[in-house]
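Results of the structural survey
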Amino acid sequence: MFTTGFKFFFGLFAAFCAAALVYGYTTGGNHVGPLSLGWKGGVGDHIGYGVLVGLAGVSLTISLVLVSFRDADAAAQAHLQNLAEVPTDQPVSASFWPVAASFGAGAAAVGSVLHPMVFVLGLAVIVLSTVEWTMDAWADRATGDAAVNRELRNRIMAPIEIPVIGALAVGVVVLAASRILLTVSQLAAVTVAGVVSALILGGAWVYASRPGLGRRLVRVLGAVGALLLLMGGVLAAVAGERDFHHHTDDTHEESGEPTSNGEHGG
Amino acid sequence: MTLTEPAIADSEAASGAGDATAPESSDEAVAAPSTLAQPFVTSDASAVGRLFVLASLLLALGTSVVGVLLSLGRTEAVAPWDLFGGFNAYFRMWTLYRMSFMLLVVMPLLLGVALAVVPSQVGAGNVAFPRAALASFWSWLIGAVIIVVSVFAGGGWGAIDGVTGNESDAMALTLLGTGMVMVALLLGAVTVATTVISLRQTGMSLLYVPPFSWSMLVAAAVWLFTLPVAVANLVVIYADLRGRPAIAFGRAESPDIWLQLDWLVEQPAVYIMAVPVLGVAVEAVGAAVGARSSRPEAITVIVGLFGLLAVGGWSQDYFTAPQDLRDGLVYVAFGLAAVLPLVALAGGAAELVLRGAKTPDRLLDVRMVGAGAALKLLGAAALVGALRVIEPLDLLETTATWAVFHGVVVAGLIASVVALRNWSQELRIGPLSAVVGRGAIALLAAGGGLLVLSDLVSGFLADAPDLMALSLDGSAVLNVVVFVGSILVAAGAAAAALGAVSALRPVPVAESDPA
């Protein structure tokens, strides 16, 4: 009758309502103010009361949505899938997204005090984790076969994940490589670019010509390369760009010495 | 079965999905995470419970060391502000000690045990929301790190002599970390409560749910009535600290921040930590003597009553005139009534002993000794709490407040040692050594007893309200006793942490049953 998801969020709704009442009356609320959302009487401290009532409203909405769509209702799912028996328990696959959401929340908390960029990054991770977590939760209940569930999930998410991750990876590589090339001297920049290009070309050639190469080895090499590039990019960004000497005829030359503030010479 | 066994295997075993006829592609598609990756991806509540227990015990060690330093400051061997480098720094550590023991040690410790034990007690394969349980642990841990780092960076829950610019940033971080920890604990508590309500076996009435599971359900309900109120407090304080003056409610300077939160570590709200202790004690006594209660519904009612008396969001004297609140009938009634369920539960435990095997080895079992010590300390705390609300005794704003706190906290630590011994199989750890268990319980009980007693007597000796025990010149001997008690508690916490770490080794299931 009532789904697990409904019970969870309706319970939260009840708890937040109770907390709002307690909070309202203990912070100066009077008459039936906290009971009537301030219609008759004061609600006490507005901010805390507003937050608790807001959370109660959100929880109630989610609970009604979940019970309307019969989410996590084994009988309803069995009916949809034409199964003869209702599965008693469903496996929950391992997922990194709960941890990612936690780190996102931590980053948002720290960023809200220290730097807006960290805050925005934390929020982005929370949103991403929420979407991925939701998809994982849906896929786990799609059928009784874990492999089929995984395939279903990947069929929907992979067309989104792969381009997004690819674009992010390209962005990080471009940003990190450009920081490195702008920090080292002109000659070193050419050398670094040449060596890295040769390594990528050589690696791709080896991988293409030896299909039997261990996947783990390739992953480890790729991870080490990405880590080195990222570390180099961060160090280069901290060191700043080398000194650029601009001339009036729009030609410029570099001294090869990095500056601490990264400003271009004039 | 090993510590690193993939969660999916358990889930599949429970659901029957992992049988031999499964297609080969299934194994690849749901490949088990590596040992290193497991703490980050596991959907096994027992593994999450172990993470909670281990991290909480390590934090217990750190917090109790802070307690030793604080009590050293009371001995007059060295001025407290010299010891910590200033009065604000002393105040920071003083508040950290209290908040940490509650939010970073006792509550997560018992929640961790519950995540591992409750599913098997109610006949479920796993908790209701395994991923939420994992998020709960990591959010709690990250929040804990933010709290500790920000406090040491000059933050904390207020400053005695005003807030400077840098301190304001660090304090904001402390507030955010505290909120994160509270929300994480709520998430874990809701997971446990939903498991008991929704996933228990058909035919198992709530009245006959095993005592520990019932106590966690009650505790989760009480936490849900209490922690959101504290989070709302934090929102107001944060707005005062960082927002514009137009929306300021109070003052985010001087000790006002702490004064808006201190109700959480004072009675009645301080008892929210102790509700699961009742369940641990009853089950440990029953397991030690091999008996079941003849009136399990009576235990259920007693635990529920204690939970009801622990609801404390209403007792915020920052918003109500202290004399109106503290002298009010409800506050006094809550304080006095808290003793009753503990007396009744002691009677229930005594009935178990009378019904069970009374051989010396069973009566001296670690679980029996630990349960007795935890109940006695909790009873002592409740008794002090009852004395505290008797107005003519003038104990309200004295160190008697911390006698209650210390009794509850140390009872929680002892209960966790008992739980490690009693439920090693559910936690999938090796059996906690009897010697280590007895040692930890003896140290904690002795230290806790000394702290409760000396804080109570100091409270009687105080001429004026003195919560921080800074002017207890007349009770120098008692302050030395507090110092000794703190050392014993720290040693007990160290023994418990070492015992837990040494038990974290792969063991066959049959070997891990201490009984």
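Note that residues are indexed from 1 along each chain, following the sequence as it is written. Chains and ligands are labelled sequentially in the order written, the chains with letters from A and the ligands with numbers from 1. Since the coordinates come from a predicted model, pLDDT governs what is reported: local features require at least 70, and pairs of side-chain atoms require 80 or more to be given and counted, while whole-chain, interface and lining totals use all residues. No hydrogens and no water enter the side-chain calculation; it runs on all heavy atoms of the structure.

**Notes on the interface of chain A and chain B**
Threshold: By definition, residues are in contact when any of their heavy atoms lie within 4.5 Å. Buried area, as used here, totals the accessible surface that two parts lose on assembly, with accessibility defined by a 1.4 Å probe and the loss added over both. A pairing counts as a salt bridge when a side-chain nitrogen of Lys or Arg comes within 4 Å of a carboxyl oxygen of Asp or Glu. N or O atoms within 3.5 Å of each other form a polar contact, as long as, within protein, one can give a hydrogen and the other can take it, and as long as residues adjacent in sequence are counted only when both atoms are side-chain atoms. Only DSSP runs of H or I covering at least 4 residues are called helices, and only runs of E covering at least 2 are called strands; the numbering of each starts at the N terminus. Side-chain classes follow a simple rule in which Ala, Val, Leu, Ile, Met, Phe, Trp, Tyr, Cys and Pro form the nonpolar group, Asp, Glu, Lys and Arg form the charged group, and the remainder, Gly included, forms the polar group.
Across the contact, 45 residues belong to chain A and 52 residues belong to chain B. When chain A packs against chain B, close to 4000 Å² is buried across both sides, 74% of that on carbon and sulfur atoms. Linking chain A with chain B are 1 salt bridge, by the criterion used here. Inspection of the region where chain A meets chain B yields 6 residue pairs in polar contact (both at pLDDT 80 or more). When residues of the side of chain A that touches chain B are traced back to their parent elements, those giving at least two are helix H1 (4–26), helix H2 (46–68), helix H4 (97–114), helix H5 (116–140) and helix H6 (146–183) of chain A. Looking at the side of chain A that touches chain B residue by residue, the classes come out as 27 nonpolar, 11 polar and 7 charged.

**Here we look at the side chain of Ser136 of chain B**
All names here are of chain B. As for its placement among the helices and strands, Ser136 is situated in helix H7 (residues 130–152). For Ser136, the side chain forms a polar contact with the main-chain oxygen of Ala184, separated by 2.8 Å. Among the polar contacts made by the side chain of Ser136, one reaches the main-chain amide nitrogen of Gly188 at a distance of 3.4 Å. In contact with Ser136, not counting residues within four places along its chain, are Phe52, Leu111, Ala184, Leu187 and Gly188.

**Here's the deal with the domain arrangement of chain A**
Selection rule: Domain start and end points were adopted from an automatic or database domain assignment.
Domain boundaries in chain A define domain 1 (1–89) and domain 2 (93–242). For domain 1 of chain A and domain 2 of chain A, the distance between their C-alpha centres works out to 37 Å.

**Looking at the pattern of salt bridges**
What counts is decided by this rule: Burial here depends on accessible area, computed with a 1.4 Å probe over protein chains only, as a share of the maximum for the residue type. Under 20% is buried, over 50% is exposed, and the range in between is partly exposed.
For the structure on display, the rule yields 12 salt bridges over all chains. Notably, a salt bridge pairs Arg153 of chain A with Glu161 of chain A, separated by 2.6 Å at the nearest N-O pair. Per residue, the accessibility class of Arg153 of chain A equals that of Glu161 of chain A, and both read buried. A salt bridge links Arg428 of chain B to Asp44 of chain B; its shortest N-O distance comes to 2.6 Å. With Arg428 of chain B in the loop between helix H19 (424–427) and helix H20 (434–461) and Asp44 of chain B in the loop between helix H3 (38–41) and helix H4 (45–74), the pair connects residues that are 384 residues apart, well separated along the chain. Residue classification places Arg428 of chain B among the buried positions, given a relative accessible area of 17%. Salt bridges sharing common partners tie together Glu132, Asp136, Arg153 and Glu161 of chain A.

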